[in-house]
Amino acid sequence: MELARRIRQIPPSATLALNAKANQLKAQGVDIVNFGVGEPDFETPDNIREAGIKAIREGHTRYTPVGGTPELKEAIIRRFQEDYGLAYKPGEILVSCGGKHGLYNLFQVLFEAGDEVIIPAPFWVSYPPMVMLADATPVVVPTRQENGFKLTALELRQSLTPKTKALVLNSPSNPTGMVYTRKELEALGEVVLEKGLYVVSDDIYDKILFDGEKFVNIAMLSPELKARTFILNGVSKTYAMTGWRIGYLAGPQEGIAAATNLQSQSTSNPTSISQKAAAEALSGPQEAVAAMVKEFAWRRDDILRRSLEIPGVTCPKPGGAFYLFPNFSAYYDRLKPGAGQSPSQALADYLLTEARLAAVPGNEFGEDNCLRFSYATSRERIATGLTRIKEALEKLGK
Ligand SMILES: Cc1ncc(COP(=O)(O)O)c(C=O)c1O
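Just so it is clear, the model here is predicted, and its values are computed rather than measured.

The subject of this paragraph is the domain arrangement of the chain. Here the chain is partitioned into domain 1 (5-43 + 288-396) and domain 2 (61-283). The C-alpha centroid of domain 2 is placed 26 Å from the C-alpha centroid of domain 1. Buried surface at the junction of domain 1 and domain 2, both sides included, amounts to about 2,700 Å², of which 63% is carbon and sulfur. With its nearest N and O atoms 3.7 Å apart, the salt bridge here joins Arg 5 to Asp 135.

Here you go:
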């Protein structure tokens, strides 16, 4: 079939291939430890589920305004104001069918052929394909593990060209869990203003933050930076609502209006029922979030300690999200990668068969020295998984 060039250039997801393999083994009765999943292992809190049920009972089952209900937009605006001191008007908010959809809409209206978009690596897997789907060019900028995998102002400066249009930031990060400090963002912000870039700030993990850290994004630093920043957030991770598909953008009115226009010609409004549930999530009690973060913090300590006990493994301490990104390159000379396989893919494959453990190879995120472990799984599975990894790596020998 003669498919459009736009989709032909998008590589198929190796994450999905790994998942398919893991599921195949599971179906054969193999006990797989799954560190591959990118969603909380908790149930959506009861008050939120009840709000969804009530929405159906009360007949909130019709089209809503394209960009989201006034009720949900107000709840979002209140959170931005109360949590971060950021003031937005309803026309500066767009609610979409998940955070991913919000980003897709934004990239489509912001970027076009000839534009370059800076994506610091390691990055969330969907950024480069989404930039390419907007006919623009992803410029992947490697960061250093010694620097906690954070982009410095110098690295940003060195990657600029006259075509650079925007910088994508993601803190806390998927896949590393690293968190930018105010000072680091201030340094990046200077370059952003000097060069007139836009910033896409993916804050989807903002509430999953450990060690009493305070969240800060680049828009909070000055009105000038806020005027150049689009914030992406949503309820998927914070409220364990991945299946409800509600995400939102906040940013300059002109960009939001364009993205709303695109949404009006594609999906129309996000699900009416989910919007009711999301309004409850953002406005209702927040205790369930605190409990979830406390559990993630315990697991972060545990999985980090167990990983660092493996000889040769290094890893920065994540400050948020629910991922660990340990460096296994010390073992790469003992692997036998298959045709076209990178070392991290070869290691992920080896662990799947030898340790019965699924982890995502780092090359998916633009950093081949590492694997991504999601610790959105039970304490018991984390302990079992790390024991299995240790034993499998010992088998590789010296
Ligand atoms: C960094 C990052 N941004 C955005 C998203 C999108 O989340 P959703 O579309 O489920 O709201 C994800 C989900 O994995 C993510 O990890």
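Below, the discussion takes up the pairing of strand β7 (residues 229-234). Each regular strand shows side chains that alternate between the opposite faces of the sheet. Taking burial as the measure, the 6 residues of β7 include 6 buried ones, the bulk of the element. Examined bridge by bridge, strand β6 (residues 198-202) and β7 share 4 bridges and lie parallel to one another. Note that in β7 the partner of Val 200 across the bridge is Phe 230. As defined by bridge partners, β7 adjoins strand β8 (residues 247-250) across 4 bridges and the pair is classed as antiparallel. Its bridge partner lying in β8, Leu 232 is registered against Leu 249.

It is worth spelling out the side chain of His 101 at this point. Examined against the element boundaries, His 101 turns out to sit in helix α5 (residues 99-110). Separated by 2.9 Å, the side chain of His 101 and the backbone nitrogen of Cys 97 make a polar contact. When near neighbours in sequence (up to four residues on either side) are disregarded, His 101 contacts Ser 96, Gln 263 and Thr 267.

Criteria and thresholds
- Residues numbered from 1 in each chain as written.
- Predicted model: local features only at pLDDT ≥ 70, side-chain atom pairs only at ≥ 80, totals over all residues.
- Heavy atoms only, no water.
- Domains from an automatic or database assignment.
- Buried area = accessible area lost by both parts, 1.4 Å probe.
- Salt bridge = Lys/Arg side-chain N within 4 Å of Asp/Glu carboxyl O.
- Buried < 20%, exposed > 50% of the residue type's maximum accessible area, 1.4 Å probe, protein only.
- Helix = DSSP H or I, 4+ residues; strand = E, 2+ residues; numbered from the N terminus.
- Pairing = 2+ DSSP bridges.
- Polar contact = N/O pair within 3.5 Å; in protein donor to acceptor, adjacent residues only side chain to side chain.
- Contact = heavy atoms within 4.5 Å.

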